[in-house]
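# Topology and contacts: notes
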Amino acid sequence: MNEKMLNKSNNDLDKEINEESSSAMTDIVCYLRGANISTYYQETVRRDLLEMVLSAQDRGESIQSVIGEDYKTFCDEVIANLPKKTRKERILDFFEIFFLGTAILGGINLVMSKETITLLGNIISGQSLNFQMSITASSLLLYGINIAGACIIVEVICKTALNPKKEKHLSKPKRFIIGGLAGGGVMAVFILVAWFGKNTLFTVNIFVYCFAVLGLLVAYKIVKVIK
Amino acid sequence: MIPSQMLKGILEGCILKIISRNETYGYEISQKLQEYGFSLIAEGTIYPVLLRLEKNALICAQYRESSCGPKRKYFSITESGTKELHTFIENWQELETGVNRVFAESEKENQ
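Conventions adopted
- Residues numbered from 1 in each chain as written.
- Chains lettered and ligands numbered in written order.
- Predicted model: local features only at pLDDT ≥ 70, side-chain atom pairs only at ≥ 80, totals over all residues.
- Helix = DSSP H or I, 4+ residues; strand = E, 2+ residues; numbered from the N terminus.
- Rg over C-alpha atoms; globule rule 2.2 N^0.38 Å.
- Buried ≥ 20, exposed ≤ 12 C-beta atoms within 10 Å, placed from the backbone.
- Contact = placed C-beta atoms within 7 Å.
- Nonpolar A, V, L, I, M, F, W, Y, C, P; charged D, E, K, R; others polar.
- Domains from an automatic or database assignment.
- Pairing = 2+ DSSP bridges.

Quick look at the overall build of chain A now. Looking only at helices and strands, chain A features 10 helices and 2 strands. Taking 2.2 N^0.38 as the reference for a compact globule, 227 residues should give roughly 17 Å; the C-alpha atoms of chain A span a radius of gyration of 23 Å, well beyond that estimate. Along the three orthogonal principal directions, the C-alpha set of chain A runs to about 75 × 50 × 35 Å. In chain A, which comprises 227 residues, the share counted as buried stands at 18%. Taking the contacts inside chain A whose residues are at least 6 apart along the sequence as the reference set, 84% of them involve residues at least 24 apart.

Laid out in structure tokens, this is it:
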């Protein structure tokens, strides 16, 4: 069974798990996703765990009776006994994220750029058309920040999925203030980057831009096939 | 309860021995180990050991239909697994003899 089929069959089995085990399984799978093992092995382990948990469920036992209370130690032992990702797999993983992330952000930039909006307005009103699109320093910087930020967030969520849940010791107003400051800080960074990087670095024909975005999606699909 | 560090190495040999008798699956292995006197050996405890044995080609696995639930993973011993089991038995006998002598000597001293 290949990786795609395994994933589909695991998703089907996942629906049979009861509510109590489901949350634990989600945390375990999330932790495995962040491990240095290939997606194929992640799915293989997931299938084995689903079989164990579903069989235990049939016997009227809980997930704790199969895995124990310490999910993190269990997962670390499992990961330690599986082959690590090869250099080729790591490179392919990088390009898969890079191509897909760049294509999505490129597509968003295309849809939201003022040149596209102006071009659409001119088509409707029948005015002369300008197919040039400007790429600013800020759009490149924000692209980098978005990609890096997304990777860091995923890494943190995966690595801490099985950490003991901490009691919320902060009061609601304090949490509100901290959340507001963090959100405001991120917004301030984005505004500063947009303000200081508004100079156009180069211009590109809108059709060339579209082909580049499509090319990235094709490259992403090719990497998926190679994997 | 046996400390986990002591258990790890011994468990590998015992699991190989159980699998060498006939093809079996994780839950059955954990049940047999409990019948033999290993307390609190859950299926999850032996799963990493089974993965290690499989990675080292000492056992091989095959998925088969189960009477209840999804397909079950059945394990059988390989040729290198059989050799490894003989080595384990030899090492264990040597260790057992040594440990027994140490404790027999200590008992004599106490008397």
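To continue, consider the interface of chain B and chain A. Many authors give the size of an interface as the accessible area that is lost as the parts come together. Facing 16 residues of chain B, the contacting portion of chain A comprises 18 residues. Within the residue set of the side of chain B that touches chain A, elements represented by two or more residues are α2 (26-35), α3 (43-55) and β3 (72-77) of chain B. Taken together, the residues that form the side of chain B that touches chain A break down as 7 nonpolar, 3 polar and 6 charged.

Before going further, it helps to spend a moment on the environment of Glu155(A). Residue and element names in this part refer to chain A. Its location among the elements puts Glu 155 in helix α8 (residues 137-159). Residue classification places Glu 155 among the exposed residues on the basis of 11 C-beta atoms within 10 Å. Taking the C-alpha atoms as reference, Glu 155 lies 27 Å from Lys 174; in sequence the two are 19 residues apart.

Residue and element names in this part refer to chain A. Split into domains, chain A comes out as domain 1 (3-80) and domain 2 (87-226). Taking the mean C-alpha position of each, domain 1 and domain 2 sit 32 Å from one another. Where the side of domain 1 that touches domain 2 is concerned, the elements lending two or more residues are α2 (19-33) and α5 (71-80). Residues of the side of domain 1 that touches domain 2, tallied by class, amount to 4 nonpolar, 2 polar and 3 charged.

Here we come to the pairing of β3(B). All names here are of chain B. Pairing analysis gives 2 bridges linking strand β1 (residues 24-25) to β3, with the strands arranged antiparallel. Bridge pairing links Thr 24 to Phe 75 in β3. Bridge analysis of strand β2 (residues 59-64) against β3 gives 6 bridges, and the strand direction is antiparallel. For Ala 61, the partnering residue across the bridge sits in β3 and is Phe 75.

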